Amino acid sequence: MDERVRDHARTLVDWSARIEAGDDVVLSVDEGAHELGVAVAERLGDRGANLLATYSSDELTRAYLRAHDGAFESDPDYELALYDRADSVLILKGTRNTAGSADVPGERRQAYSKARRGIREARLDTDWVSTQHPTRAMAQQAGMAYEAYRDFVYDATLRDWEALAEEQARLKDILDAGEEVRLVADGTDLTMRIDGRTAVNSAASVAYDSHNLPSGEVFTAPYDTAGVVTFDVPMTIQGRRVRDVELTFKDGVVVDFAAQQGEAVVEEVLETDAGARKLGELGIGMNRGVDRITDNILFDEKMGGTVHLALGRAYDACLPEGESGNDSAVHEDLITTMGEGSRLEVDGELVQEDGQFQWE
């Protein structure tokens, strides 16, 4: 086993999830992440945690959804109980086919997602962490040789997270004190209210309300969005390619949309429910270890010099206690490059220009 796999497992269990002896852990292992699953299981055993492993596969999901009549039972008790009882859920992604479920009808996906809302909320209430094991399918999607892709993944994942947390705290403080964010870039002029929200310093640990490894972003939950935004970073959503998406907002809601590719996918997302037409997240990438776009949202949204906005559900960590933010069965991220001529302003003050923060 490549020693970096064990380093990945150690970072996930110790830094990210903060697993302790006696914790009840659900380990969800994708079909291509077996090797990382073995390393994580070993680390959990060393910690004295309790392990229940589950298997995940796009092909398995495809077979089930295509065969089902679409009348899904809402939040089956047996699965809901699993997450209600868990302390942590560790999700090891590692697909062997990035388009493995591309031909599942959109309405079937929507029905399944809506029927599992309670299960999704129960999982999000745990100390969950999602990470990525490098596979040949992901390397191919990124347009990279497998060996080079593995190097990329570990360069982005095995970082000095404490040092990055200190840097990101500067941006968190600005957003926490701010009232309005304005994004200006090619095809983009968008304003969002953020007053009353709390920004999350996403430093790849549940101790920071951060649930991705790798991470390296600061995010918050905007509202009252107005203007136009163009997402120039190509990506795969629900197994289908999406490129050059343009969204127009008025009074916080998407009132018009277009895409050079995958417009039907965007429409399906927007039609999921009322919350899918509103933003649930404004995220600002700060991980300079992610130095190229790879068509994998876990990495791409963390890339320094990018901003991502998510349609759908807002994270509770960004909201005042007792307040409900945007609610939806989806949370779909879209990314725009903050390149030459771009500006990110908070309350009229320049925070980032041409993709570089003022303190860099």
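Description of the structure in this document. Numbering of residues starts from 1 in each chain and follows the order in which that chain's sequence is written. The predicted nature of this model means local features are confined to residues of pLDDT at least 70 and side-chain atom pairs, given and counted, to a pLDDT of 80 or more, with totals for whole chains, interfaces and linings taken over all residues. The side-chain quantities take in all heavy atoms of the structure and omit both hydrogens and water.

## Points about the nonpolar core
Alright, step 1. By size, the foremost hydrophobic cluster in this structure holds 39 residues, and its most contacted members are Leu 175, Leu 247 and Leu 311.
Alright, step 2. Among all residues touching Leu 175, those that are not within four sequence positions of it are Val 181, Ile 194, Ala 199, Val 218, Ile 284 and Val 346.
Alright, step 3. In terms of nonpolar packing, the next biggest core, distinct from the first, is built from 38 residues, Ala 17, Tyr 146, Ala 156 and Leu 213 among them. By nonpolar core we mean a set of buried residues, namely Ala, Val, Leu, Ile, Met, Phe, Trp, Tyr and Cys, connected to one another through side-chain atoms within 4.5 Å. Any residue under 20% of the maximum accessible area for its type is buried, any over 50% is exposed, and the rest in between are partly exposed; the area is computed with a 1.4 Å probe on protein chains only. Contact definition: two residues touch when any of their heavy atoms are within 4.5 Å.

## Describing unusual backbone geometry
Alright, step 1. Between Leu 213 and the following residue, Pro 214, the backbone shows a cis peptide bond with an omega angle of 5°.
Alright, step 2. Residue placement: Pro 214 occurs in the loop between β8 (212–213) and β9 (217–220).
Alright, step 3. Even without being glycine, Arg 18 reaches a positive phi, approximately 55°.
Alright, step 4. Looking at where Arg 18 falls in the secondary structure, it is placed in the loop between α1 (3–16) and β1 (24–30).
Alright, step 5. Non-glycine residue Asp 244 carries a positive phi angle of around 50°.
Alright, step 6. With respect to the helices, strands and loops of the structure, Asp 244 is situated in strand β12 (residues 240–250).
Alright, step 7. Taking relative accessible area as the criterion, Asp 244 reaches 27% and is therefore assigned partly exposed. Each helix is a run of H or I in the DSSP string that is no shorter than four residues. Each strand is a run of E no shorter than two, and both are numbered from the N terminus.

## Quick word on the pairing of strand β17 (residues 343–346)
Alright, step 1. Here strand β5 (residues 180–185) runs beside β17; their pairing, made up of four bridges, is antiparallel. Note on β17: the bridge partner recorded for Val 184 is Arg 343.
Alright, step 2. Pairing between strands is defined by DSSP: at least two bridges between the two strands are required. In this structure, β17 lies alongside strand β18 (residues 349–353), joined through four bridges in antiparallel fashion. The residue of β18 that forms the bridge with Arg 343 is Glu 353.
Alright, step 3. As consecutive antiparallel partners, β17 and β18 are separated by two residues, and within that stretch Asp 347 has a phi angle of approximately 55°, a positive value.

## Remarks on the pattern of salt bridges
Alright, step 1. Salt bridges, as used here, are contacts in which a Lys or Arg side-chain nitrogen is within 4 Å of a carboxyl oxygen on Asp or Glu. For the coordinates displayed, the defined rule picks out 27 salt bridges.
Alright, step 2. For Arg 117, the salt bridge goes to Asp 327, with nearest N and O atoms at 3.5 Å. Residue Arg 117 is found in helix α6 (residues 117–124), and its partner Asp 327 is found in the loop between β15 (306–312) and β16 (331–337); the two are separated by 210 residues along the sequence.
Alright, step 3. Residue class for Asp 327 comes out partly exposed when judged on its relative accessible area of 45%.
Alright, step 4. Here Lys 302 makes a salt bridge to Glu 301, at a shortest N to O gap of 2.8 Å. The burial state of Lys 302 is the same as that of Glu 301; both residues are buried.

## Side note on the packing of helix α4 (residues 77–85) against α6
Alright, step 1. Axis definition: a line fitted to C-alpha atoms, limited for helices to the stretch in contact. Angles are taken between N-to-C directions and run from 0 to 180 degrees. Across the interface, α4 lies against α6 with an axial gap of 8 Å and an inter-helix angle of 15°. Taken as axis vectors, α4 and α6 run roughly parallel relative to one another. Seen along the crossing, α4 lies across α6 with a hand that is left-handed. Residue-level contacts link Glu 79, Leu 80, Tyr 83 and Asp 84 of α4 to Gly 118, Ile 119, Ala 122 and Arg 123 of α6.
Alright, step 2. Looking at the contact of α4 with α6 residue by residue, the classes come out as four nonpolar, one polar and three charged. Any angle between 65 and 115 degrees counts as roughly perpendicular, while under 35 counts as roughly parallel, over 145 as roughly antiparallel, and the rest as oblique. The sense of a crossing depends on the near helix, which, turned anticlockwise from the far helix by less than a right angle, makes the crossing left-handed and, turned clockwise, makes it right-handed. Only Asp, Glu, Lys and Arg are considered charged, only Ala, Val, Leu, Ile, Met, Phe, Trp, Tyr, Cys and Pro nonpolar, and every remaining residue, Gly among them, polar.

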